[in-house]
Amino acid sequence: MNRQWKRVVLLGVLLASNTVMAAELSHTQIKDTGQDSSHKATNVLSVTDLAHARLWGLSETEWRRYKQLMQGIRGSISPSTISPIEVLGIHARDDAERQRYAEVWARAMYEDAGRILAFQRAYDAAAKRLYPNVSLIDVSRLPGKRDVKTPFQSGDRLLFFTRPDCPACDLLLKKLLKRIDEVSGIDIYLTDVDKGDDAAVRDWATTHKINPDWVRSRRITLNHEGGALDKLTQGQGEVPSVLRRRGEHVSRLPVADL
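Residues numbered from 1 in each chain as written. Predicted model: local features only at pLDDT ≥ 70, side-chain atom pairs only at ≥ 80, totals over all residues. Heavy atoms only, no water.

**Looking at the pairing of strand β1 (residues 157–162)**
The buried fraction of β1 amounts to six of the six residues, a majority that puts the element mostly inside the structure. A two-sided burial pattern is seen for β1, the buried positions comprising R157, L159 and F161 on one face and L158, F160 and T162 on the other. With six bridges joining them, β1 and strand β2 (residues 185–190) adopt parallel strand pairing. Residue pairing in the sheet places T162 in a bridge with L190 of β2. In this fold, the crossover linking β1 to β2 by way of helix α7 (residues 167–178) has right-handed handedness. (Buried < 20%, exposed > 50% of the residue type's maximum accessible area, 1.4 Å probe, protein only. Helix = DSSP H or I, 4+ residues; strand = E, 2+ residues; numbered from the N terminus. Pairing = 2+ DSSP bridges. Right-handed = clockwise from strand over helix to strand, strands pointing away.)

Set out below in structure tokens:
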């Protein structure tokens, strides 16, 4: 009876051990299956992500990489408005990939600039049509513009006396050209050039990038000086010099007023 009892006890222990092992194995399998399902679930893009990926012309793989990159330093230091194309381009894995994203972004920016300009033109036309006699911006009320005084009137012409190889003259010329819209025109008189040497005058104008359209419309005239400065200033003029002609009256214009 003792031997039989021992056998029964031993058999019971083995059965219990096998039951525990089976239960642990089953629990492990269930846990692993749950982790695998969870991992797969994280790789599945939401409907919103898929829509955004299509909007940017990106594949699902590219969109996953973009989202992964934004979880790291790129998302921490970049503005919220950074585009997926920029993120993928910044973190390109080789030159070819970088070039591809750069071209995509360049095309997007070019097309967007066209849309902005088209809308601006439409807006300008609409404003002129709807409010033809109203200035939408009162320049006089802009900061810093209200008390600005100008030495010019719309009918004024400027007489500018200059010579070749004169850095001070060139600086003054640049100031005058920036204000050409404030006057009816600028008459340029060139000294130290042989009388009748029109080619030298044209060469000077080309070197100083005088707009040919201004010359053709006589907003700018090119002249030999021929003693005009002495006549207009009673011999007190020197180069460079700017005179203002207002009607029949000619007066010297201080450089500080420009």
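**Thoughts on the sheet that holds strand β4 (residues 241–246)**
One open sheet accounts for five strands, arranged β3-β2-β1-β4-β5; its pairing is mixed. The open sheet has two free edges, formed respectively by β3 (220–224) and β5 (249–252), since each of these has just one partner strand. Across the sheet, the axes of successive neighbouring strands diverge by a mean angle of 20°, strand direction being ignored. The strands touched by α7 are β1, β2, β3 and β4; relative to β1, the strand with the most contacts, the crossing angle is about 165°. The sheet contacts of helix α8 (residues 198–207) involve β1, β2 and β3, and relative to β3 the element is tilted by about 140°. (Axes fitted to C-alpha atoms, helices over the stretch in contact; angles between N-to-C directions. Contact = heavy atoms within 4.5 Å.)

**Here we look at the state of the cysteines**
The term disulfide refers to a covalent linkage connecting the sulfur atoms of a pair of cysteines. Under the defined criterion, the tally for this structure stands at one disulfide. At a sulfur-sulfur separation of 2.1 Å, the disulfide partner of C166 is C169. Between C166 and C169, the S-S dihedral sits near 70°, and the bridge is therefore right-handed. We classify C166 as buried; its relative accessible area is 5%. (Disulfide = S-S within 2.5 Å.)

The quantities given are spatial measurements derived from coordinates; they are silent on function.
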